[in-house]
Amino acid sequence: MHAHAHTHTPLPVCQVACAAVACPPVTDGRTVEWSWRQLGLGHSNHVREPTLVTALQGKNVNQISAGRCHSAAWTAPCVPPRAPGSSVPLKLGLPGAVPPQYSGLKEVSMEAVRARLRLLYHFSDLMYSSWRLLNLSPNNQSSTSRYNAGTWGIVQGQLRPLLAPRVYTLPMVRSIGKTMVQGKNYGPQITVKRISTRGRKCKPIFMQIARQVVKLNASDLRLPSRAWKVKLVGEGADDAGGVFDDTITEMCQELETGVVDLLIPSPNATAEVGYNRDRFLLSPSSCLDEHLLQFKFLGILMGVAIRTKKPLDLHLAPMVWKQLCCIPLLLEDLEEVDLLYVQTLNSILHIEDSGITEDNFHEPHRQQYQLGAGLECRGPLLMGCGVVESTLALFPESLAERVSGWMIPLDSFVGQSADGKMVPIIPGGNSIPLTFSNRKEYVERAIEYRLHEIDRQRFQIMKVDRPYDSLPTSQTCFFQLRLPPYSSQAVMAERLRYAINNCRSIDMDNYMLSRNVDNAEGSDTDY
């Protein structure tokens, strides 16, 4: 039955649910839908007018929900509105038995399960009305009391699954609402050049916009729509929203295709094993000043996406989001993005299972294998018990028959970074031998290094090309100490002490004054 406007009798609408491709309302127990997707009408043709879903007739539908790919209808009546913190009794159903998939509750009575649920609802209500009194800063926590231990559990994520979503998202929603700038359609103007001129290739859009946006006042970007207006050099486009969205999309593509080297594919993607093969990690090698500026801009982009409600098309691995939320990482998080490395570490930890002892631990180190045409493996090889058949399949058949486990080319406290580089997992790790007796410590340090590969601020001492025996310079924002060549250790110590005691001002050589001078509009150095 088609509900034509000039023939049908008006029906009372109880509820309407809208989605990207469907709009099903409930009218007095009956459901009508229109969309350009399959609707349960017996076909998948486009439906441009409200049409009765005959399969739901007589079902007494009271609620409807629409999603991107599916819609759902159910007969239960709508739950009446309930104010947070109110004492209105909560009515809970009582199923006959615990569903079999929840095996951990099979010995618990239904009355106890319902009591637990009531307690969790009450806990969420209390949190909803008192969260302003809690210390939720991740940088100022102490576990010396039960109170602080509880707030730390909320900050780190252990207690978040016990709270209703409306509770643990409330602080962010309130903060965004109070700091949002209203009454402006767009923020400052940003210039972007996409067309090459005079044979010079333009810099990535991400880098062009990053250099301009990081200099802006943060309060100018707190808008509900466009955080900035884009001016395209040499293109006849006036940004009314479409150009802004288009540049955001192009920046996401630059990040995931490697044009901007801030993200790397997960190791599982490189090895084609395990989960998250389509996900990306933050690059641990991107630690230059320019990279840190770009990471800052990436954080600004995420903030803009939250405020404008326009998600970024970035496929980050789950462990990246946990790091951003200050939730501690576990070994399982590392395994989800680098399955082979975790199996490798397990091989070393339980190497005795494959018959390796302290006496013959170093024997494989002296072996040399021809892995393929022109590919030779020299150096230390440890064989553990974590067999990875997909990797052995890459080796010659004769070698695969001889190797019963995963082979690791290492003999010291070095490990594989997320980007595949071999790096010391502790200071001076290159000179600390890996032995049968310290293999457990090695595994623990390797896991610790990988879980905190990004979030740690590494203090760097860098050699710079400056006159001999001149004063050192430092960049406190980036934990860097830059040393020129010194004629002796005594001279270096004397210069360092002089700088510590006498050079307490920032930018005494006016370094940033010259860099902060704006270039002429349209200069090639900007693009």
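Note that this is a predicted model, so its numbers are computed, not measured.

Regarding the overall build of the protein
- The helix and strand inventory of the protein stands at 16 helices and 19 strands.
- Burial status across the protein gives 33% buried among its 527 residues.
- Taking the contacts inside the protein whose residues are at least 6 apart along the sequence as the reference set, 51% of them involve residues at least 24 apart.
- Carbon and sulfur atoms form 55% of the exposed surface of the protein, whose accessible area is close to 32,200 Å².

Looking at the packing of aromatic side chains
- On inspection of all chains with the given rule, the structure shows four aromatic pairs.
- Aromatic side chains W228 and F297 sit 6.1 Å apart centroid to centroid with 35 degrees between the ring planes, which places their arrangement in the tilted category. Pair noted here: W228 is in the loop between α5 (205-213) and β8 (229-232) and F297 is in helix α8 (residues 289-308), with a separation of 69 residues, a long-range link. Residues W228 and F297 agree in their burial class; the two are buried.
- Taking the centre distance of 5.4 Å and the plane angle of 90 degrees together, the rings of F413 and Y442 count as edge-to-face. In this pair, F413 sits in the loop between β14 (407-408) and β15 (414-416) while Y442 sits in helix α14 (residues 439-451), placing the two residues 29 residues apart along the sequence. Neither residue differs from the other here; F413 and Y442 are each classed as buried.
- For R166, the ring lying beneath its charged end belongs to Y128, and the centroid distance is 5.0 Å.

What about helix α1 (residues 110-130)?
- For α1, built from 21 residues, the straight-helix expectation of 30 Å at 1.5 Å per residue is met to within 8% by its first-to-last C-alpha distance of 30 Å.
- Those residues of α1 not exposed but buried are M110, S124, D125 and M127. Projected down its long axis, α1 carries its buried residues within an arc of 165 degrees, all on one side. Across α1 from its buried face, at more than 90 degrees, point the exposed residues L119 and S129.

Here we look at empty space enclosed by the protein
- Across all of its chains, the model carries one cavity of 30 Å³ or more by this definition.
- Along its surface, the largest cavity is lined by L281, L282, M319, V320, Q323, L334, V337, A418, R450, E453 and I454.
- When contributions to the lining of the largest cavity are tallied by element, the ones reaching two or more residues are β10 (280-282), α9 (318-324) and α10 (331-337).
- Its residues placed into classes, the lining of the largest cavity shows eight nonpolar, one polar and two charged.

Some points on the pattern of salt bridges
- Applying the stated rule across the entire model yields 16 salt bridges.
- A salt bridge links E290 to R211, with the nearest nitrogen and oxygen atoms 3.3 Å apart. With a gap of 79 residues between them, E290 in helix α8 and R211 in helix α5 connect regions that are remote in the sequence.
- Taking relative accessible area as the criterion, R211 reaches 29% and is therefore assigned partly exposed.
- Between R450 and E453 there is a salt bridge, with the nearest N and O atoms lying 3.4 Å from each other.

Observations regarding a nonpolar patch on the surface
- Together, L117, L120, Y121 and L162 give the surface a local cluster of nonpolar side chains, amounting to about 300 Å² of exposed area.
- On the basis of relative accessibility, which here comes to 35%, the residue Y121 falls in the partly exposed class.

Topic: the confidence of the model for the protein
- A residue-level look at the protein finds 72% of positions with pLDDT of 70 or above and a mean pLDDT of 77.
- Taken as a whole, residues 365-409 scores under 50 in pLDDT and shows 76 contacts with residues more than four places along the chain or in a different chain.
- Low confidence marks residues 511-524, where pLDDT is under 50. Its contacts with residues over four positions away, or in another chain, come to 10 contacts.

Looking at the packing of helix α11 (residues 339-349) against α14
- Across the interface, α11 lies against α14 with an axial gap of 9 Å and an inter-helix angle of 160 degrees. The pairing of α11 with α14 is recorded here as roughly antiparallel in orientation. The handedness of the crossing between α11 and α14 is left-handed. The residues of α14 that touch α11, namely those facing Y341, L345, I348 and L349, are R439, K440, Y442, V443, A446, I447 and R450.
- Partitioning the contact of α11 with α14 into residue classes produces eight nonpolar, no polar and three charged.

Some remarks on unusual backbone geometry
- The phi angle at K309 is positive, at roughly 60 degrees, despite the residue not being glycine.
- Position of K309 among the secondary structure elements: in the loop between α8 and α9.
- With a relative accessible area of 74%, K309 lands in the exposed category.
- Positive phi outside glycine occurs at D469, with the angle close to 60 degrees.

Some remarks on the environment of L349
- Locating L349 in the fold gives a position in helix α11.
- Note on L349: relative accessible area 24%, which makes it partly exposed.
- In this structure the C-alpha to C-alpha distance between L349 and K440, which are 91 residues apart in sequence, comes to 5.7 Å.
- With sequence-adjacent residues up to four places away left out, L349 is seen in contact with R439, K440 and V443.

A look at the nonpolar core
- Core analysis: the biggest nonpolar cluster contains 62 residues, and F206, I209, W228, F297 and Y442 have the highest contact counts within it.
- Those residues in contact with F206, other than ones at most four positions away along the chain, are M251, E254, L255, V260, L262, Q294, F297, L298 and L301.
- Counting five residues, the second largest nonpolar core, distinct from the first, contains M127, L134, I154 and V167.

Concerning the pairing of strand β7 (residues 189-192)
- Taken together, the four bridges between β7 and β8 define a ladder with parallel strand orientation. Bridging across to β8, Q189 finds its partner in K229.
- Regarding topology, α5 serves as the crossover connection from β7 to the parallel β8, and that connection is right-handed.

Describing the side chain of Q294
- Along the polypeptide, Q294 turns up in helix α8.
- On the basis of relative accessible area, Q294 is assigned to the buried category, the value being 3%.
- The residues touching Q294, leaving out its near neighbours within four places in the chain, are F206, M207, V260 and L262.

Some thoughts on α11
- Counting buried residues along α11, eight of its 11 residues qualify, which places the element largely inside the surrounding structure.
- Among all positions in α11, only L339, L340, Y341, V342, T344, L345, S347 and I348 are buried.

Analysis parameters
- Residues numbered from 1 in each chain as written.
- Predicted model: local features only at pLDDT ≥ 70, side-chain atom pairs only at ≥ 80, totals over all residues.
- Heavy atoms only, no water.
- Helix = DSSP H or I, 4+ residues; strand = E, 2+ residues; numbered from the N terminus.
- Buried < 20%, exposed > 50% of the residue type's maximum accessible area, 1.4 Å probe, protein only.
- Contact = heavy atoms within 4.5 Å.
- Areas by Shrake-Rupley, 256 points an atom, 1.4 Å probe, with all protein chains shown as cover.
- Phe/Tyr/Trp six-rings, centres within 6.5 Å; stacked < 30°, edge-to-face > 60°.
- Lys NZ or Arg CZ within 6 Å of the ring centre and 35° of its normal.
- Expected span 1.5 Å × (residues − 1).
- Arc of directions from axis to C-beta.
- 1 Å grid on protein atoms, 1.4 Å probe; cavity = no way out; pocket = protein on both sides within 12 Å on 5 of 7 lines; lining within 4 Å.
- Points joined across faces, edges and corners; volume = space filled by probe spheres on them.
- Nonpolar A, V, L, I, M, F, W, Y, C, P; charged D, E, K, R; others polar.
- Salt bridge = Lys/Arg side-chain N within 4 Å of Asp/Glu carboxyl O.
- Patch = residues over 30% accessible without salt bridge, like charges linked within 9 Å, V, L, I, M, F, W, Y side chains within 5 Å.
- pLDDT = per-residue confidence, 0-100.
- Axes fitted to C-alpha atoms, helices over the stretch in contact; angles between N-to-C directions.
- Parallel < 35°, antiparallel > 145°, perpendicular 65-115°, else oblique.
- Left-handed = near helix turned anticlockwise from the far one by under 90°.
- Core = buried A, V, L, I, M, F, W, Y, C linked by side-chain atoms within 4.5 Å.
- Pairing = 2+ DSSP bridges.
- Right-handed = clockwise from strand over helix to strand, strands pointing away.

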